[in-house]
Amino acid sequence: MSTNRRNFLSALGATGAVGAISASKAMAQTTQGTPISAEPIFATPSVDSRALTGKVAIVTGARANLGRAFAQAFARQGADVVVHYHRAETIGEAEETAWLVREQGKRAALTQGDLGQAENVKRMFDVAFNEFGRADILVNNAGAIVKKAIADVTDEDLERMININTRGNFLCTREAARRLSDNGRIINIATSLLAGAAPNYAAYAGSKAIVEELTRMGARELGGRGITVNSVAPGPVDTPFFHSMETPQTTEFAANLSVARRLGMVSDIVPLVEFLALPSAQWITGQTIWINGGYLTR
Ligand SMILES: NC(=O)c1ccc[n+]([C@@H]2O[C@H](COP(=O)([O-])OP(=O)(O)OC[C@H]3O[C@@H](n4cnc5c(N)ncnc54)[C@H](OP(=O)(O)O)[C@@H]3O)[C@@H](O)[C@H]2O)c1
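Figured I'd write up the structure that's included with this text. (Residues numbered from 1 in each chain as written. Predicted model: local features only at pLDDT ≥ 70, side-chain atom pairs only at ≥ 80, totals over all residues.)

1. A short note on the overall build of the protein chain
Turning to step 1, where the next piece is worked out: For the protein chain, the count of helices and strands is 10 helices and 7 strands.
Turning to step 2, where the next piece is worked out: A burial count over the protein chain gives 46% of its 298 residues as buried.
Turning to step 3, where the next piece is worked out: Intrachain contacts of the protein chain at a sequence separation of at least 6 include 77% that bridge at least 24 residues. (Helix = DSSP H or I, 4+ residues; strand = E, 2+ residues; numbered from the N terminus. Buried ≥ 20, exposed ≤ 12 C-beta atoms within 10 Å, placed from the backbone. Contact = placed C-beta atoms within 7 Å.)

2. Points about the site of the ligand
Turning to step 1, where the next piece is worked out: The ligand sits among 27 residues. The nearest are Gly61, Asn65, His86, Gly143 and Phe241.
Turning to step 2, where the next piece is worked out: Contributing elements (two or more residues each) for the shell around the ligand: α2 (65-76), α5 (155-179) and α8 (240-243).
Turning to step 3, where the next piece is worked out: Of the residues belonging to the shell around the ligand, the class tally is 12 nonpolar, 12 polar and 3 charged. (Near = placed C-beta within 6 Å. Nonpolar A, V, L, I, M, F, W, Y, C, P; charged D, E, K, R; others polar.)

3. What to know about helix α7 (residues 210-222)
Turning to step 1, where the next piece is worked out: Given a rise of 1.5 Å per residue, 13 residues ought to cover 18 Å, and the 17 Å separating the end C-alpha atoms of α7 matches this to within 8%.
Turning to step 2, where the next piece is worked out: Buried positions along α7 lie against α5, β5 (185-189), α6 (202-208), β6 (228-234) and β7 (288-291). (Expected span 1.5 Å × (residues − 1).)

4. A closer look at unusual backbone geometry
Turning to step 1, where the next piece is worked out: For Asn65, which is not glycine, the phi dihedral falls at a positive 55°.
Turning to step 2, where the next piece is worked out: Looking at Asn65, the number of C-beta atoms within 10 Å reads 23, which means it is buried.
Turning to step 3, where the next piece is worked out: Positive phi, close to 55°, is recorded for Arg261, a residue that is not glycine.
Turning to step 4, where the next piece is worked out: Looking at where Arg261 falls in the secondary structure, it is placed in the loop between α9 (248-257) and α10 (266-277).
Turning to step 5, where the next piece is worked out: Note on Arg261: 20 C-beta atoms within 10 Å, which makes it buried.

5. Describing helix α4 (residues 118-132)
Turning to step 1, where the next piece is worked out: For α4, with 15 residues, the first-to-last C-alpha span of 21 Å sits near the 21 Å given by 1.5 Å per residue.
Turning to step 2, where the next piece is worked out: Along α4, the residues classified as buried are Val121, Met124, Phe125, Ala128 and Phe132. End-on, the buried residues of α4 take up no more than an arc of 85°, which puts them together on one face. Away from the buried face of α4 by more than 90 degrees, exposed residues Glu119 and Asn130 are located.
Turning to step 3, where the next piece is worked out: Residues of α4 that are buried make contact with β1 (56-59), β2 (80-85), β3 (108-112) and α5.
Turning to step 4, where the next piece is worked out: Looking one or two residues past α4, Gly133 carries a phi angle of roughly 85°, positive in sign. (Arc of directions from axis to C-beta.)

6. Brief notes about the packing of α2 against α10
Turning to step 1, where the next piece is worked out: Axis separation between α2 and α10 bottoms out at 9 Å; the angle between their running directions is 45°. When the axis of α2 is compared with that of α10, the two are oblique. Judged by the sense of rotation from one axis to the other, the crossing of α2 with α10 is right-handed. Two secondary-structure elements touch here, α2 through Asn65, Leu66, Ala69, Phe70, Ala73 and Phe74 and α10 through Val266, Ile269, Val270, Val273, Glu274 and Ala277.
Turning to step 2, where the next piece is worked out: For the contact of α2 with α10, the per-class residue count stands at 10 nonpolar, 1 polar and 1 charged. (Axes fitted to C-alpha atoms, helices over the stretch in contact; angles between N-to-C directions. Parallel < 35°, antiparallel > 145°, perpendicular 65-115°, else oblique. Left-handed = near helix turned anticlockwise from the far one by under 90°.)

7. Digging into the sheet that holds β7
Turning to step 1, where the next piece is worked out: Strand order in the open sheet made by the 7 strands is β3-β2-β1-β4-β5-β6-β7, with parallel pairing throughout. Sheet topology places β3 and β7 at the edges, where each strand pairs with a single neighbour. Between one strand axis and the next, the sheet turns through 15° on average, direction left out of account. (Pairing = 2+ DSSP bridges.)

8. A short note on the environment of Arg160
Turning to step 1, where the next piece is worked out: Mapping Arg160 onto the fold places it in helix α5.
Turning to step 2, where the next piece is worked out: Overall, Arg160 belongs to the partly exposed group, with 17 C-beta atoms counted inside 10 Å.
Turning to step 3, where the next piece is worked out: In this structure the C-alpha to C-alpha distance between Arg160 and Gly143, which are 17 residues apart in sequence, comes to 9.5 Å.

Fair warning: the whole summary comes from geometry, so function is off the table for now.
Written out as structure tokens, the structure reads:
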């Protein structure tokens, strides 16, 4: 990677891609005319304790965007990180994530594969144990999306959604239940669509719905070992994942749903995930936390 590219990535910090409706365009105000927090905070971590020193985090789907930012945040908190990526051709991006982890003075290891396949999930955990001797934190971040009316969803679309959003999340949680250290953390990345009924997202949101159940059941089953299980459910976030399904019109509509009238940014989501991984978040378990600028609550 070039020095310029590294400097750019470094400067990005926890931020991700910037899409059509960028936060800087949003100028939301209260009815009294007082500006509200339309601008995302591209800043230092919410907590800078290096409280994860000695811990090992596994982040799925971490080649870029949210997954990369979570990996970076955990490293900043002192954890070594297993960086999972899906398609072999994205190894260059995964290596950039690993570089950002190492830049924090922490160790990174790569693992690749379709997490709808149990052997790839097992290998991901094997990498954590072989390279770092343990696994403490799992972020189930990998996911796939389709936006189509129910009548138009193909068999292939459905299989792709179920493969990662349902089966993959289950397999990763099962492996974590077997192998995560006591006082570990499972953090699932869900979607705010689970709190609202938006048309054309049935296959995506439906296949993600298992995450809430895994969170509730997992918290009960694993709580005796001090392992917490939570879901973070973002609204629309300004990454290619979101934009790949949207037009400029639907993007503007989605942005205007938040109180700040902008899309969420990667940097809006990172502090919550980072916090849930910390020892001080021990009392939070079994929860799905909605993080969407106030457009959907439950
Ligand atoms: N962006 C949003 O608006 C938004 C909102 C709510 C929730 N989320 C959730 O946030 C998570 C991260 O999204 P993002 O926006 O950061 O987009 P992203 O970078 O595209 O993240 C999705 C990741 O999942 C990986 N993946 C897809 N299929 C997989 C499979 N079968 N096995 C293993 N990994 C697989 C992708 O790898 P490949 O690209 O190589 O396939 C990609 O790295 C997703 O779970 C998504 O549902 C996103």
